[in-house]
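Close look at the chain arrangement
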Amino acid sequence: MAAPVKVYGPTLSTAVSRVLACLIEKDVDFQLIPINMSKGEHKKPDFIKMQPFGQVPAFQDESISLFESRAICRYICDKYADKGNKELYGTNPLAKASIDQWLEAEGQSFNPPSGALVFQLAFAPRMKIPQDEGLIKQNQEKLGKVLDVYEKRLGESRFLAGDEFSLADLSHLPNTQYLVAGTDRGELFTSRKNVGRWWSEISSRESWKKVVQMQKSG
Amino acid sequence: MQRNTIMALKLHGPAMSTSTSLVITCLHEKEVDFELVPVDLFAGEHKQPHFLAKNPFGQVPVLEDGDLTLFESRAISTYVAEKFKETGYDLTRQQNLQEAALVKVWMEVESQQFCPAIAPIVYQFYVDPLKGVSPDQAMIDVNLEKLGKVLDIYEARLSSTKYLAGDFYSLADLHHIPYTHYLMKTPAASVINERPHVKAWWEDISSRPASKKTAEGMTFGEK
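Residues numbered from 1 in each chain as written. Chains lettered and ligands numbered in written order. Predicted model: local features only at pLDDT ≥ 70, side-chain atom pairs only at ≥ 80, totals over all residues. Heavy atoms only, no water.

**As for the overall build of chain B**
Tallying secondary structure elements over chain B gives 10 helices and 4 strands in all. Counting from the amino terminus, chain B carries its helices and strands in the arrangement β-α-β-α-β-β-α-α-α-α-α-α-α-α. A compact globule built from 223 residues would reach a C-alpha radius of gyration of about 17 Å, and chain B, at 17 Å, matches this within 12%. Projected onto its principal axes, the C-alpha positions of chain B cover 45 × 45 × 30 Å. (Helix = DSSP H or I, 4+ residues; strand = E, 2+ residues; numbered from the N terminus. Rg over C-alpha atoms; globule rule 2.2 N^0.38 Å.)

Structure below.
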């Protein structure tokens with residue numbers, strides 16, 4: 001019987017891989033339905049019905065249809081609270097608040113510069129789009145300042161929100177994977193002692209290794 | 001109606017700031033008493049060590065609730081809405097899995113689609129003049145185009161539901177208020193006014209008592 005949970009999108013998409021990592025951490029079965037973006041499948045009416053902004057991923061769980069990877073992850077953690085990694089979104093309101101705080105920091109402060117760098121350094125060359133050196137420099141500086149804050153935090157705390165791996169750390173995996181493994185700017189992370197240690201820990205989780213494997217074979 | 005006065009919450013930030021106003025609106029909707037501790041952004045207070053100890057990113061607002069210190073306005077509003085679920089308006093619909101999920105979706109839409117387009121416009125109209133710089137029209141135009149495309153999707157959505165997550169007001173709508181409040185006082189207001197369902201939605205959510213009460217403090221740019 002097909003799993004009721006469906007994720008629509010390519011594994012190479014950072015937002016799609018965020019959702020896949022969460023599903024695997026929570027031990028939730030799912031079907032991955034590929035979307036060929038180079039053929040514009042994400043802009044076709046059938047897809048737009050699920051995701052009106054024409055972006056991946058789209059997500060379905062029986063009759064519930066969602067989009068925005070961070071919202072999907074929060075939903076998965078709420079609905080499947082008792083499955084897989086029960087600590088992923090905290091088991092009490094204070095833990096959850098701290099996780100939400102760092103998930104917001106990822107979405108507001110980390111994602112814009114790291115996402116821009118992933119696009120410029122990893123995707124633009126593949127798409128034969130000329131790189132913008134000015135944007136690269138600007139975003140590298142911005143990201144550096146954010147990672148300075150992380151460096152201090154991760155000297156005080158094993159993971160961003162506290163002593164346990166959480167959705168906040170998970171949300172950083174997709175962009176960082178590209179920058180460390182797919183570009184020459186990995187030292188932004190690895191040259192910072194605490195950030196480097198944290199990256200090493202979170203990227204060696206079984207769930208993330210599985211996602212990376214899916215990206216390689218997808 | 002019972003007001004929740006047991007916990008003395010402290011909110012650090014200027015009443016006129018968009019992110020601080022977001023939390024203030026939520027606190028009013030939940031009928032929660034709090035102390036507003038002003039932070040002088042013009043004097044750089046948010047970059048001083050005593051503030052960085054509360055938020056290492058040096059941004060307002062910060063919430064203190066007993067031993068808990070929390071930053072990021074959207075995380076704070078979610079925390080307040082869920083902690084004080086017994087009072088005021090139900091902003092997160094946690095009793096209904098589907099409704100709660102849609103609130104989360106449209107909160108992320110505000111965060112990832114709406115805010116990046118509207119924030120630079122408001123910045124150009126309000127912050128640059130303070131430095132004696134004229135608004136950069138090219139920057140405004142580029143972002144107005146982006147915002148227009150986002151609002152076209154909102155227009156379609158709001159033609160089928162009264163509010164963003166469904167036929168109920170939620171935190172997803174509330175998160176749009178602060179930036180839109182400031183936008184509506186500029187020529188860029190047309191981007192809202194030209195779209196009838198978006199305009200009606202704006203008029204509805206901005207006329208809620210909690211929204212109006214917060215707006216009294218949103219005096220940025222006024223002489």
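**Focus on the interface of chain A and chain B**
At the interface, 31 residues of chain A touch 28 residues of chain B. Buried surface at the junction of chain A and chain B, both sides included, amounts to about 2600 Å², of which 66% is carbon and sulfur. Here chain A is connected to chain B by 3 salt bridges. Sorting the residues of the side of chain A that touches chain B by element identifies β4 (64-67), α3 (69-79), α4 (93-126) and α5 (133-156) of chain A as the ones contributing at least two each. Class assignment of the residues belonging to the side of chain A that touches chain B gives a composition of 14 nonpolar, 9 polar and 8 charged. (Contact = heavy atoms within 4.5 Å. Buried area = accessible area lost by both parts, 1.4 Å probe. Salt bridge = Lys/Arg side-chain N within 4 Å of Asp/Glu carboxyl O. Nonpolar A, V, L, I, M, F, W, Y, C, P; charged D, E, K, R; others polar.)

**Regarding unusual backbone geometry**
Along the chain, A:V56 connects to A:P57 via a cis peptide bond; the corresponding omega equals 0°. Along the chain, the position of A:P57 falls in the loop between α2 (45-50) and β3 (58-61).

**A closer look at the UniProt feature "domain: GST N-terminal" (unreviewed entry) in chain A**
The UniProt feature table records "domain: GST N-terminal" (unreviewed entry) at residues 3-84 of chain A. The distance separating the terminal C-alpha atoms of residues 3-84 of chain A is 16 Å; by composition the span is 35% helix and 18% strand. (UniProt positions renumbered as here; feature names shortened; annotations may be inferred.)

**Thoughts on the packing of helix α4 (residues 97-126) of chain B against helix α5 (residues 137-158) of chain B**
Two quantities define a packed helix pair, namely the angle between the axes and the distance from one axis to the other. Residue and element names in this part refer to chain B. It is at 9 Å that the axes of α4 and α5 come closest, and there the two elements cross at 145°. Classified by chirality, the crossing of α5 by α4 is left-handed. Residue-level contacts link W106, V109, E110, Q113, F114, P116, A117, I118, P120, I121, Q124 and F125 of α4 to M139, I140, N143, L144, K146, L147, V150, L151, Y154 and R157 of α5. Its residues placed into classes, the contact of α4 with α5 shows 16 nonpolar, 3 polar and 3 charged. (Axes fitted to C-alpha atoms, helices over the stretch in contact; angles between N-to-C directions. Left-handed = near helix turned anticlockwise from the far one by under 90°.)

**Comments concerning the pattern of salt bridges**
Side chains carrying opposite charge are able to pair once their charged atoms draw close together. Residues and elements named next belong to chain A. Considering all chains together, one arrives at 28 salt bridges over all chains under this definition. The residue K49 makes a salt bridge to D46 at a minimum N-O spacing of 3.7 Å. In this pair, K49 and D46 are both assigned in helix α2, 3 residues apart and thus about one turn of the helix distant. Judged by relative accessible area, K49 falls into the exposed class, the value being 69%. (Buried < 20%, exposed > 50% of the residue type's maximum accessible area, 1.4 Å probe, protein only.)

**With respect to the sheet that holds strand β2 (residues 31-33) of chain A**
Residues and elements named next belong to chain A. Taken together, the 4 strands give an open sheet; going across it, the order is β2-β1-β3-β4, and neighbouring strands pair in mixed fashion. At either margin of the open sheet sits one strand with a lone partner, and together these are β2 and β4. Direction aside, neighbouring strands of the sheet carry axes that sit 20° apart on average. Sheet topology note: the strand β1 (residues 5-8)/β3 ladder contains 4 bridges and is antiparallel. Of the residues in β3, the one forming a bridge with V5 is D61. With respect to the sheet, helix α1 (residues 14-25) is in contact with β1, β2 and β3, its orientation differing from that of β1 by roughly 155°. (Pairing = 2+ DSSP bridges.)

**Topic: helix α3 (residues 73-83) of chain B**
Counting buried positions along α3(B) gives 10 out of 11 residues, so the element sits mostly inside the fold. Looking only at α3(B), the buried set comprises B:S73, B:R74, B:A75, B:I76, B:S77, B:T78, B:Y79, B:V80, B:A81 and B:E82. At its buried positions, α3(B) is contacted by α4 of chain A together with α1 (18-29), β3 (62-65), β4 (68-71), α4 and α6 (171-174) of chain B.

**Looking at the pairing of β3(B)**
Residue and element names in this part refer to chain B. Of the two faces of β3, both are covered, the one formed by V62 and E64 as well as the one formed by L63 and D65. Of the pairings in the sheet, the one linking β3 to β4 comprises 4 bridges and is antiparallel in character. The partner of V62 across the bridge, within β4, is F71. The antiparallel hairpin formed by β3 and β4 contains 2 residues in its connecting segment, where G66 sits at a positive phi of about 60°.

**A short note on the environment of A:R74**
Looking at the secondary structure, you find A:R74 in helix α3. For the pair formed by A:R74 and A:D100, sequence separation is 26 residues and the distance between their alpha carbons is 9.4 Å. Not counting chain neighbours up to four residues away, the residues in contact with A:R74 comprise A:Y89, A:D100, A:L103, A:E104, A:L167, B:K104 and B:E108. Only 3.3 Å separates the side chain of A:R74 from the side chain of A:E104, close enough to count as a polar contact. Here the side chain of A:R74 touches B:E108 through a polar contact of 2.9 Å, side chain to side chain. (Polar contact = N/O pair within 3.5 Å; in protein donor to acceptor, adjacent residues only side chain to side chain.)

**What about the side chain of A:S98?**
By secondary structure assignment, the location of A:S98 is in helix α4. Relative accessible area serves as the criterion here: at 14%, A:S98 is assigned to the buried category. In this structure, A:S98 is in contact with A:A161 and B:L70, ignoring residues within four places of it in sequence.

**A few points about the environment of A:D27**
Locating A:D27 in the fold gives a position in the loop between α1 and β2. Residues in contact with A:D27, not counting those within four places in the same chain, are A:K83 and A:G84.

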